[in-house]
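# Examination of the molecular architecture
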Amino acid sequence: MDYLEIRCSPVKYSNKHQSEHEVYTTIAETFAEYDNKIKISLIFTASRHGEKNQILRHVELAKKIVLDTGLTENSSLCGFDLAGDEKVCSAGEMHQYFLPLMKECMHFTIHAGENNPVKSIWEAVYKLNAQRIGHGLTLKDNPALMKKFLDSNIAIEMCPSSNFQIVGFRDNYLASTVNREIYPLKQYLSDGLCVTVNTDNPGISDTDFTKEIHRACRLTPTGLSLWEILSIIRNGFKASFAQRSLKYNLLKKAENRIVQLLREILSQKNVEI
């Protein structure tokens, strides 16, 4: 692994002995110890169902960091996330809170369309300038918005295990789910959308990236081909909030690895590429 984006909420871990900025600094300094092995970036997460004061504190913390260090390749902070139950607060209602970060050109990923109508996704894109959408399960209900995603290369962060647990979809391994709705991942891939596979909350779902790929295959009626899996992995690099130069180098390195893997597989079958 060469690059990792981790979501966290420093305000939740602050107390009278340690401010949220000190929590952030501790995390950033710990990550810096591994710079020679892996580049780790932070995405601050604000929760809809939390107190508005906590959201504002996260926004202020992110703004201070950006003003101090800028959104550069050396910055530990790369983006801001809005998570939590969409029914509690719409993306449109959050616009006023996120405006200070918009002015600093912050990257945004917004939880939308998990168990809410596609309007929630539309608001995330047009009200909060989302570059990535968490889950996006109802995007398929608005073809025009899907085209917007395709034209603007907006990424969809799908979380197979979490989506199965919370919403429920057909699973090839479970006969009891045969009458459930089909997971839209394959449809999105076929339409050319930038689909990534993610763990959501690894602790709650008891999962990791490998398990999520396996679950994605289980939730797809025909399974996923090796090429489709490699495309999903490549999309992860394309959708990252890494600076352009770093992203280019990461993507180039990943593509070289993918080509090498395909060569090894095909050479075993005596096929040349």
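Structure report, in brief. Residue positions are given per chain, counting from 1 as you read along its sequence in written order. Local features in a predicted model are, by the rule used here, given only for residues with pLDDT of at least 70; side-chain atom pairs are given and counted only at 80 or more, and totals for whole chains, interfaces and linings are based on all residues. In computing side-chain properties, one takes all heavy atoms of the structure into account and sets aside hydrogens as well as water.

Where helices and strands are cited, they refer to DSSP runs of H or I of at least four residues and of E of at least two residues respectively, numbered from the N terminus. What the chain contains, in helices and strands, is eleven helices and seven strands. Note that the radius of gyration is over C-alpha atoms, with the globule rule given as 2.2 Å times the number of residues to the power 0.38. A compact globule built from 273 residues should have a C-alpha radius of gyration of about 19 Å, and the chain, at 19 Å, falls within 12% of that. For the chain, the spread of C-alpha atoms along the three principal axes comes to 60 × 45 × 35 Å. Categorising residues by exposure relies on relative accessible area from a 1.4 Å probe, with only protein chains included: less than 20% of the type maximum marks a residue as buried, more than 50% marks it as exposed, and the intermediate range marks it as partly exposed. When each of the 273 residues of the chain is scored for burial, the buried share is 48%. Between two residues, a contact is recorded if the distance between any of their heavy atoms is within 4.5 Å. Long-range contacts, defined as pairs at least 24 residues apart, comprise 68% of the intrachain contacts of the chain with a sequence gap of at least 6. To measure how exposed things are, a 1.4 Å probe is used in the Shrake-Rupley method; for residues, cover is taken only from the protein chains shown. Counting every atom, the chain has about 14200 Å² of accessible surface; 52% of that belongs to carbon and sulfur. Note that His is not counted, nor are the chain ends; the positive residues are Lys and Arg, and the negative ones are Asp and Glu. Throughout, a charge is located at the NZ atom of Lys, the CZ atom of Arg, the CG atom of Asp or the CD atom of Glu. Side-chain charges in the chain split into 33 positive and 32 negative, and the spacing between the mean points of these groups amounts to 3 Å.

Before going further, it helps to examine the pairing of strand β1 (residues 3-8). Two strands pair under a simple rule: DSSP has to find at least two bridges between them. Summarising the sheet, β1 and strand β2 (residues 39-47) pair through six bridges and their orientation is parallel. Opposite C8, over in β2, you have F44 as the bridge partner.

Moving on, we get to the sheet that holds strand β5 (residues 132-135). With parallel pairing, the seven strands of this open sheet are ordered in space as β1-β2-β3-β4-β5-β6-β7. Strand pairing shows two members of the sheet lacking a second neighbour, β1 and β7 (194-197), which therefore form its edges. This sheet shows a mean twist of 25° between the axes of neighbouring strands, independent of strand direction. Bridge count for strand β6 (residues 155-158) against β7 is four bridges, and the pairing is parallel. The residue of β7 that forms the bridge with M158 is V197. All axes are obtained by fitting lines to C-alpha atoms, using only the stretch in contact for helices, and the reported angles, taken between N-to-C directions, cover 0 to 180 degrees. Contacts from helix α2 (residues 52-69) reach β2 and β3 (77-83) within the one sheet, and its direction differs from that of β2 by about 150°. Relative to the sheet, helix α4 (residues 119-128) contacts β3, β4 (108-112) and β5, its axis offset from that of β4 by approximately 160°.

Only protein atoms enter the 1 Å grid used here, on which a cavity is any set of points holding a 1.4 Å probe that cannot leave and a pocket is any open set flanked by protein within 12 Å on both sides along at least five of seven lines; residues with an atom within 4 Å of a point are listed as lining. Grid points are joined across faces, edges and corners, and a volume is the space filled by probe spheres set on the points. There is about 440 Å³ of room inside the second largest pocket. Forming the walls of the second largest pocket are 21 residues, and the residues nearest its centre are Q131, N153, K238, S240 and K247. Here the lining of the second largest pocket takes four residues from helix α11 (residues 244-268), the largest share from any one element. Each residue gets one of three labels, nonpolar for Ala, Val, Leu, Ile, Met, Phe, Trp, Tyr, Cys and Pro, charged for Asp, Glu, Lys and Arg, and polar for the others, Gly among them. Residue composition of the lining of the second largest pocket, by class: ten nonpolar, seven polar and four charged.

For the rest of this paragraph, the subject is the nonpolar core. The term nonpolar core refers to a set of buried residues drawn from Ala, Val, Leu, Ile, Met, Phe, Trp, Tyr and Cys, joined through side-chain atoms within 4.5 Å. Residues F44, F80, F98, I133, F149 and L185 are the most contacted members of the largest nonpolar core, which totals 60 residues. Excluding anything up to four places from it in sequence, I133 contacts I110, A112, I121, A124, V125, F149, I154, A155, I156 and E157. Listed in part, the seven residues of the second largest apolar core include C78, F241, A242 and L246.

Our next topic: the packing of aromatic side chains. Pairs were defined over the aromatic rings of Phe, Tyr and Trp, the Trp ring being its six-membered one, requiring ring centres within 6.5 Å. Orientation was assigned from the angle between planes: stacked under 30 degrees, edge-to-face over 60, tilted for the rest. Under the criterion given, the structure shown has five aromatic pairs. Where Y24 meets F44, the ring centres are 5.9 Å apart and the plane angle is 90°; that geometry is what we call edge-to-face. Taken together, the residues Y24 in helix α1 (residues 20-32) and F44 in strand β2 connect sequence positions 20 residues apart. Like F44, Y24 is buried. Of the aromatic side chains, those joined through ring pairs into one cluster are F80, F98 and F108. Against the face of F241 rests R132, its NZ or CZ located 3.8 Å from the ring centre. The ring of F164 has R215 lying over it, and the distance from NZ or CZ to the ring centre is 4.7 Å. Counting as a charge over the ring demands two things of the Lys NZ or Arg CZ atom: a distance within 6 Å of the ring centre and an angle within 35 degrees of the ring normal.

End to end, helix α10 (residues 226-238) covers 18 Å across 13 residues, agreeing with the expected 18 Å (1.5 Å per residue, within 8%). Every buried residue of α10 is listed here: E228, I229, L230, I232 and N235. Buried positions along α10 lie against α7 (185-190), β7, α9 (209-218) and α11. By definition here, a helix of n residues has an expected span of 1.5 Å times n minus one.

Any functional reading would require information beyond the geometric quantities listed.
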